[in-house]
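Descriptive structure summary
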Amino acid sequence: MDEILQVIRENENFTLAGHTGPDGDAIGSCFALALALDKMGKNVRVLLEPYALKYKIIPGKQFLVPMKCNPNDPTKSESIFDLEENFQPEVFIAIDCAAPERMGLSQPFFERAKVTVCIDHHETNDGFAMHNYIEPTASSASEMTLRIIEGFTDPTPDIAAAVYAGMVSDTGGFRYNATAISTMKTAARLMEMGIPFTQIYNELMHMHKFAAGKILGLALQNSKRTRSKKIVYTCVTRDMLKSVRANLSDLDGVVEYLMGTRKALAAVFVYEKGLSSGEVKVSLRSQGPNMANVAAKLGGGGHALAAGATVSGKVHAVMKKTVALVVKEVVAYEVQQNRNN
Ligand code: 5GP
Ligand code: MN
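Read on for an overview of the structure. All values derive from a computational prediction rather than experimental measurement.

All right, on to the coordination of the manganese ion (ligand 2) then. The coordination sphere of the manganese ion (ligand 2), as far as protein atoms go, consists of Asp25 (OD), Asp96 (OD), Asp96 (OD), His121 (NE2) and Asp170 (OD), spread over 2.2 to 2.7 Å. Mapped onto the sequence, the residues coordinating the manganese ion (ligand 2) show the spacing D-x70-D-x24-H-x48-D. Of this pair, Asp96 sits in the loop between β5 (91–95) and α3 (107–112) while His121 sits in the loop between β6 (115–120) and β7 (131–134); the two residues are 25 residues apart in sequence, bridging distant segments of the chain. On the basis of relative accessibility, which here comes to 2%, the residue Asp96 falls in the buried class.

What follows is the structure, encoded as structure tokens:
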């Protein structure tokens, strides 16, 4: 951490990025650090792919680099960041990214940066940057980012709100195992700074678009479970999304809802990402069995209790393969449990 504070002290121009398909933790961390660096008079820009509406409540949007369509291939709907093609960041800070590939559209700028820094809490992170601050036990990258910020300035209420949003988001509203006493103490300290904590919590944990409710309904209607009742799974296709006018960002709550099923030890949610790319996203949640192992076998990563992967293939085939891998992890977990008892 001291190394990173030194990099911050000694440089003026910072490019921050979170992972592809940004969630509250990626956004909250980037915006909090951007606000803090700006407060110190540094130049700062944030590279984040488009994100769900609910995250608009997080302060710091003014630092976002806008997106534009790809001029090399206008037929591609995929966008790129509105930056000079050869833009070379002075300091690039990747936050909440377990591996360089997780940066998505911002990865080329990381590769070109003079100095690279990584702040992350994924256990699969192997320290790919020049300076790494990795703490797998941290409940969120935002909490870690706050520690860095406090190393060089006092957080403002906006910084506190961004960090709080990241913490709420990655702990599932302070529900997950990784939520520590220190997490709640940090949250309390942020609340004391006069942030609109009820509003942030409600916006991130409860509010959703009408279409998101519809697609959740379809996903649950089609859900299945294994005979043991220990694995609940479902999938969503592009056609299903279209039928209720929903898009990918409306799928946030599905896997969590599955995981709330009584008797379930693991939840699998698979959905089609691209129209024609054949890319399929796998989302995994667990109450014990190690999902990071499953995700690794699919070329992805994550935490023991929440992991994911992006796979090419047909959605039903990917779901079948994933469930088979999860079955093995559930069996391994139960063998271990029996041994412990
Ligand atoms: P989610 O299911 O919410 O998208 O992701 C849960 C966790 O799994 C994330 O925090 C991230 O660590 C990991 N994850 C999700 N998708 C991918 C992916 O495509 N590749 C990798 N390496 N990790 C992923
Ligand atoms: Mn995170």
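This part is about the sheet that holds strand β10 (residues 266–272). Across the sheet, which stays open at both edges, the six strands sit in the order β8-β9-β10-β11-β13-β12 with mixed pairing between neighbours. Two strands lie at the open edges of the sheet, namely β8 (224–225) and β12 (301–302), each paired on one side alone. Relative to strand β11 (residues 279–286), β10 is paired through seven bridges, and the arrangement is antiparallel. Bridge pairing in β11 links Phe269 to Ser283. Across the sheet, helix α12 (residues 315–340) touches β9 (231–236), β10, β11 and β13 (306–312), and the angle it forms with β9 is around 165°.

To continue, consider the site of ligand 1. Around ligand 1, 14 residues are found, and the nearest of them are His122, Lys281, Ser283, Arg285 and Thr310. Contact between ligand 1 and Lys281: an oxygen atom at 2.6 Å from a side-chain N or O atom of the residue. At 2.4 Å, a side-chain N or O of Ser283 approaches an oxygen atom of ligand 1. Summarising the interface, the protein chains cover 79% of the accessible area of ligand 1, which totals 490 Å² for the free molecule. Class assignment for the residues of the shell around ligand 1 results in three nonpolar, eight polar and three charged.

Conventions we followed
Residues numbered from 1 in each chain as written. Chains lettered and ligands numbered in written order. Predicted model: local features only at pLDDT ≥ 70, side-chain atom pairs only at ≥ 80, totals over all residues. Heavy atoms only, no water. Donors = N, O, S within 2.8 Å, 3.2 Å for Na, K, Ca; no water. Helix = DSSP H or I, 4+ residues; strand = E, 2+ residues; numbered from the N terminus. Buried < 20%, exposed > 50% of the residue type's maximum accessible area, 1.4 Å probe, protein only. Pairing = 2+ DSSP bridges. Contact = heavy atoms within 4.5 Å. Axes fitted to C-alpha atoms, helices over the stretch in contact; angles between N-to-C directions. Near = heavy atom within 4 Å. Polar contact = N/O pair within 3.5 Å; in protein donor to acceptor, adjacent residues only side chain to side chain. Areas by Shrake-Rupley, 256 points an atom, 1.4 Å probe, with all protein chains shown as cover. Nonpolar A, V, L, I, M, F, W, Y, C, P; charged D, E, K, R; others polar.

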